[in-house]
Amino acid sequence: MSLVSLQLRQAIRQCMTDYRSSANPLGIHSDENFEALLCQMVDSVRRVEYFFALRERDVSSTRSDPRSEDFDPIRAAVLYLKAGELDEAAWLAFLLTHFGNHRRTKWRLVREVYGSLGTDQKWDWKSTQADPEQFLRWLSINQTRLAGSFGNHRKYVSLKPEARSGTGVAFKSYVKWVQRYSSHFQLLAAFKQQAGSDRGTLFDALYKDMRKAVGSFGRTGCFDYLCTLGKLDAFPIEPNSPYIPGSTGPRQGAELLLRGAATKNLDRKSVV
């Protein structure tokens, strides 16, 4: 069963056809580019609907066991949320965002790190936040044994604990960020008190603070992580803009689609 209905596909096509006719944007002059954009848009909807569908299904306990080949960090996060364990679900969301899903090795790198290469010692939230330096020592010893690969969006990240933009920096700074509030639940509560309960405003407040606090993630990492929390319904948040300023590829693509829009207006124009 398709996660994107035929009616929605047709609506997206009609909307973009109308826009193409009225605005004549450079980026989709050719039919090939237009069809490629439609495929990307449908795929984006599918990725969101995938999370919604998982939240409604029964999930096998093997999905949360890193010693199993069936391990899947998204499904594991769903399981932990159903059990009321927000800290572990949010930690898995962080791991899957940091390491990504490689086209060949899939979630293997997440599984190897989270499961401590199949030993009884898991690098779950409790263990990692209790002693992040011990995790870094483990990573230094075992990094060459990790056979999984980073996903496409994270392919330039280093596993070396001492790297300025790598796993060590990301883990230590993320733990420090959450510990500032004592837990993920308290972190959310603090930002609700500060920014209110509007989903977009709350997302923005968390995004800006995370950008400052968490190393090695940058614009895309922070955006993807918080979107994952929203899609899991772990946090009641969703972005009210695509956060284009400061990007490279997304900014260039938006400029090709939104003729005449200044860079500072791309966020506003893209959601109109």
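Here, the structure is the one placed above.
Description of the structure in this document. Please read all numbers here as calculations on a predicted model, not as lab measurements. (Residues numbered from 1 in each chain as written. Predicted model: local features only at pLDDT ≥ 70, side-chain atom pairs only at ≥ 80, totals over all residues. Heavy atoms only, no water.)

1. Re the pattern of salt bridges
Going through the model one piece at a time under the given rule, you end up with 14 salt bridges. Measuring nitrogen to oxygen at the nearest pair gives 3.3 Å for the salt bridge that ties Arg-67 to Asp-65. Asp-120 is paired through a salt bridge with Arg-67; the nearest N and O atoms lie 3.8 Å apart. With a gap of 53 residues between them, Asp-120 in the loop between α5 (108-114) and α6 (125-130) and Arg-67 in the loop between α2 (31-56) and α3 (73-82) connect regions that are remote in the sequence. The pair Asp-120 / Arg-67 is uniform in exposure class, with both members exposed. (Salt bridge = Lys/Arg side-chain N within 4 Å of Asp/Glu carboxyl O. Helix = DSSP H or I, 4+ residues; strand = E, 2+ residues; numbered from the N terminus. Buried < 20%, exposed > 50% of the residue type's maximum accessible area, 1.4 Å probe, protein only.)

2. With respect to the state of the cysteines
Summed over the entire model, instances satisfying the criterion amount to 0 disulfides. We note that Cys-15 lacks a disulfide partner, and the nearest cysteine sulfur, in Cys-39, lies 16 Å from it. Between Cys-222, a cysteine without a disulfide, and Cys-227, which holds the nearest cysteine sulfur, the sulfur-to-sulfur distance is 11 Å. For Cys-222, a relative accessible area of 0% puts it in the buried group. (Disulfide = S-S within 2.5 Å.)

3. Re the nonpolar core
Ranked by size, the top nonpolar core spans 63 residues in total, and within it Phe-94, Tyr-174 and Tyr-225 carry the most contacts. For Tyr-225, the contacting residues outside a window of four places in its chain are Ala-90, Ala-93, Phe-94, Thr-97, Tyr-174, His-184, Met-210 and Phe-217. Judged by nonpolar contacts, the second largest core, of 8 residues, contains Val-4, Ile-12, Met-16 and Ile-28. (Core = buried A, V, L, I, M, F, W, Y, C linked by side-chain atoms within 4.5 Å. Contact = heavy atoms within 4.5 Å.)

4. A closer look at the side chain of Ser-241
Along the chain, Ser-241 falls in the loop between α11 (218-232) and α12 (249-257). A distance of 3.5 Å separates the side chain of Ser-241 from the backbone nitrogen of Tyr-243, its partner in a polar contact. (Polar contact = N/O pair within 3.5 Å; in protein donor to acceptor, adjacent residues only side chain to side chain.)

5. Topic: the packing of helix α4 (residues 86-99) against helix α8 (residues 167-179)
Packed helices, taken two at a time, are described by the angle between their axes plus the distance between the axes. Where α4 meets α8, the closest approach of the two axes is 12 Å, and the angle between their N-to-C directions is 155 degrees. As far as their axial angle goes, α8 and α4 are roughly antiparallel. Where α4 crosses over α8, the two elements pack in a sense that is right-handed. Counted together, Ala-90, Trp-91, Phe-94, Leu-95, His-98 and Phe-99 of α4 and Thr-167, Ala-170, Phe-171 and Tyr-174 of α8 form the full contact between these two elements. By residue class, the composition of the contact of α4 with α8 is 8 nonpolar, 2 polar and no charged. (Axes fitted to C-alpha atoms, helices over the stretch in contact; angles between N-to-C directions. Parallel < 35°, antiparallel > 145°, perpendicular 65-115°, else oblique. Left-handed = near helix turned anticlockwise from the far one by under 90°. Nonpolar A, V, L, I, M, F, W, Y, C, P; charged D, E, K, R; others polar.)

Function cannot be inferred from these measures alone, as they are strictly geometric.
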